[in-house]
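# Fold and contact review
Residues per chain, in single letters:
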Amino acid sequence: MTLEAMNRRRFLHLTGGAAAGAAMIAAGVGLTAAPRGAWALSLESLDAHQGATLLKVARHVFPHDTLDDVYYAGVVQSLDGKAAADADVAAALADGVKALDTATSVPWLDLSDGYQLRILEGPGETLLHTVKGDAVVSLYNNPLVWRHFGYEGPSAQHGGYMNRGFDDLNWLPDPDEQASPPSA
Amino acid sequence: MAKFDNNDDSVVVVIGSGAGGGTLANELCQKGIKVVLLEAGKHHTIADFINDEWNAFGQLSWLDKRTTSGTWRVAKDFPGLPAWICKAVGGSTTHWAGASLRFQEHEFRVRTEYGDVEGASLLDWPIGLADLEPWYAKAEDKMGVTRTNGIPGLPGNNNFKVMWNGAKRLGYKEVHTGRMAINSRPRDGRGACQQLGFCFQGCKTGAKWSTLYTEIPKAEATGNLDLRPESQALTVTHNDQRLVDGVVYAAADGSQHRQAARAVCVAGNSFESPRLLLNSASAKFPDGLANSSGQVGRNYMRHMTGSVYATFDKPVNMYRGTTMAGIISDESVNDPSRGFVGGYEMETLSIGLPFMAAFLDPGAYGSLFTDAMDRYDHMAGMWLVGEDMPQESNAVTLHPTEKDQHGLPVPNVHFDDHPNDIAMRSHAYRQGSAVYDAVGAIRNYEVPPYPSTHNLGTNRMSADPTRGVVNQWGQAHDVKNLFVSDGSVFTTGAAENPTLTIVALAIRQADYIANEMNRQML
């Protein structure tokens, strides 16, 4: 386990509430940027249908239209890692996917987005919270996703933001020098 | 660094190395007093700090088991994490934002000023602003607070530009980049702020004051400090004369040791300090050490807090630069015509994308949430911090069954908002939103309080020994050689960030302890 994963696991265990879900893991997401569709999920515990279903669930939970599936695949990979390590989690995820698929006579993935969401918030609610608890970290803590949202992250290695736009906002007047003195 | 014998009962044992304990230890050492400084956390260096929110959180935070109860939302969203504070040498001065404001004169006598507020256990401090002013001056000089001692203010970042313009258009007058214990120019052997944007994750330039690399090395240089990291105090022991005489602590390997002491100063923050006193109950002190008043652990305050984030049609990139160098102070007055007593400060705040996901609306999902996240780089933010009402029922107590890794009961933290807290927060949300609306906000987000960073009041200072735990010097009413040296001594919370006051009180307390030792009273 990486230090990163351990810290997150510990936090998620501690929080355990609505924010992060109970004891879900956000394992390191070893994906690299790739053109749309040019990636493949290699799953250890989940089958391909479960993987595809969970990816769509993650999209419903945190819908970002311009964010490619590859980033949501990171959530599936995180859940898969947890399922591989813990049979209870694997069973819970399998049950959750089954609950979605048996809610109507049509397989959940074949339903319209509106039907999918209604089922997810009904018989799929437990799964929704499980995926949400994982994705709030495994989706948004991915440095490639940061770039998509315009968050530049760590700055110490670049000498901070002092010369990299900390005060480059130009659509409002600059504050007076008493309120905001010039830098050294 | 000095190494004192565990049986050396001439040492003062200070528990906790943050703003209170770290400062107190240095001040005592400078006066020639031998100090054993017990710190539960590890001894990191600036080089160890990480510009990454989750990793830094895992590195610095106090993550030992705690439980919560009450109607506060933290108990639902983060039931095992009532506070976002640190377990490390330097304590929460590794994590703090640097805002260093003096209390206002009336905030030391709020029972008199506000009158009887139903459900609140308000009490006047046994000291006033005039008593503390010389110590505030020493603290500001020590910490290098901007806009004091001829130190220029920090340059405003993008987040401040939005705040300043909105505030001015709204008619607010007191708006600037704050009084910050962050070097705007090199000072005291530390460099100037380089606008990293990771103040909360441990300052990698050392521009922000932290006891880790100011007070503690200065204390070590005297030869009077024995710093023991990864040494968690478990109980404070006492003799037949009802004087404390030592501290039992657990070392990194779990082995237990006892350090003898001439005096003991507890500075473990408002959860661990009362917990330590309660866990030190004995036949002579059946309700906990220094708890004849029954006030140990009571009157827990966490400040009225909340945040407003707003989205705009043009970029802000609020995360670049000093996190909290921006303040509007106009609402910090006591003006009951607003529908509440006390006041609040509005301070710039940003969190990175990972923490925004966790804290914007904990537990939320769907397009309302992701619309906000999609505009992260077009977002400005502020923190609202105001005086909350002390209530006896808001309390740190020992959990009846849950135990920590050393077999001691974990603390439970119970909190309910007082009606005054809700009225103030509502007003603050509205005013914060108005600031952003004045510069064209698309949408404002009222963000609930994070796990508490300002933890106060659980060993409060009182003139009357039946109403509080310590006297005006932080000296226990019940035990004359036992002191409390952190924010838990605050009688009331005031509107201002507490660290400067903790440091001023610690410097003042060191002076008192040294004098009492000279007089053979300790």
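Keep in mind it's a predicted model, so treat the numbers as computed, not measured.

About the criteria used
Residues numbered from 1 in each chain as written. Chains lettered and ligands numbered in written order. Predicted model: local features only at pLDDT ≥ 70, side-chain atom pairs only at ≥ 80, totals over all residues. Heavy atoms only, no water. Core = buried A, V, L, I, M, F, W, Y, C linked by side-chain atoms within 4.5 Å. Buried < 20%, exposed > 50% of the residue type's maximum accessible area, 1.4 Å probe, protein only. Helix = DSSP H or I, 4+ residues; strand = E, 2+ residues; numbered from the N terminus. Axes fitted to C-alpha atoms, helices over the stretch in contact; angles between N-to-C directions. Parallel < 35°, antiparallel > 145°, perpendicular 65-115°, else oblique. Contact = heavy atoms within 4.5 Å. Pairing = 2+ DSSP bridges. Buried area = accessible area lost by both parts, 1.4 Å probe. Salt bridge = Lys/Arg side-chain N within 4 Å of Asp/Glu carboxyl O.

## A word on the nonpolar core
Among the nonpolar cores identified, the biggest contains 152 residues, and Leu-139 of chain A together with Val-162, Tyr-309, Phe-312 and Tyr-436 of chain B are the most heavily contacted of them. The element that contributes the greatest number of residues to this core is helix α3 (residues 69–85) of chain A, accounting for eight residues.

## Here's the deal with the packing of helix α6 (residues 158–170) of chain B against helix α11 (residues 419–437) of chain B
Residues and elements named next belong to chain B. It is the contact of α6 with α11, at a shortest axis distance of 7 Å, that shows an interaxial angle of 100 degrees. Overall, the two elements α6 and α11 adopt an arrangement that is roughly perpendicular. Here Asn-159, Val-162, Met-163, Gly-166, Ala-167 and Leu-170 of α6 lie close against α11, whose contacting residues are Gln-431, Ala-434, Val-435 and Tyr-436.

## Re the sheet that holds strand β5 (residues 225–228) of chain B
All names here are of chain B. Here five strands make up an open sheet; going across it, the order is β5-β2-β1-β9-β17 and the pairing parallel. What marks the edges here is a single partner per strand, and that holds for β5 and β17 (482–484). Taken over all neighbouring pairs, the strand axes of this sheet differ in orientation by 15 degrees on average, direction set aside. Relative to β5, strand β2 (residues 35–38) runs parallel, the two being bridged by four bridges. Counterpart to Val-35 in the pairing with β5 is Leu-225. Packing against the sheet, helix α12 (residues 499–518) makes contact with β1 (12–15), β9 (263–266) and β17, and its axis sits at approximately 170 degrees to β17.

## Points about the interface of chain A and chain B
Contacts between chain A and chain B engage 55 residues on the former and 64 residues on the latter. Both sides of the chain A and chain B interface together cover about 5,100 Å² of buried area, and 63% of this is carbon and sulfur. In this structure, the connection of chain A to chain B is made through three salt bridges. Across the pair Arg-320 of chain B and Glu-152 of chain A runs a salt bridge, and its minimum N-O distance is 2.7 Å.

Taken by themselves, the reported measurements are silent on function.
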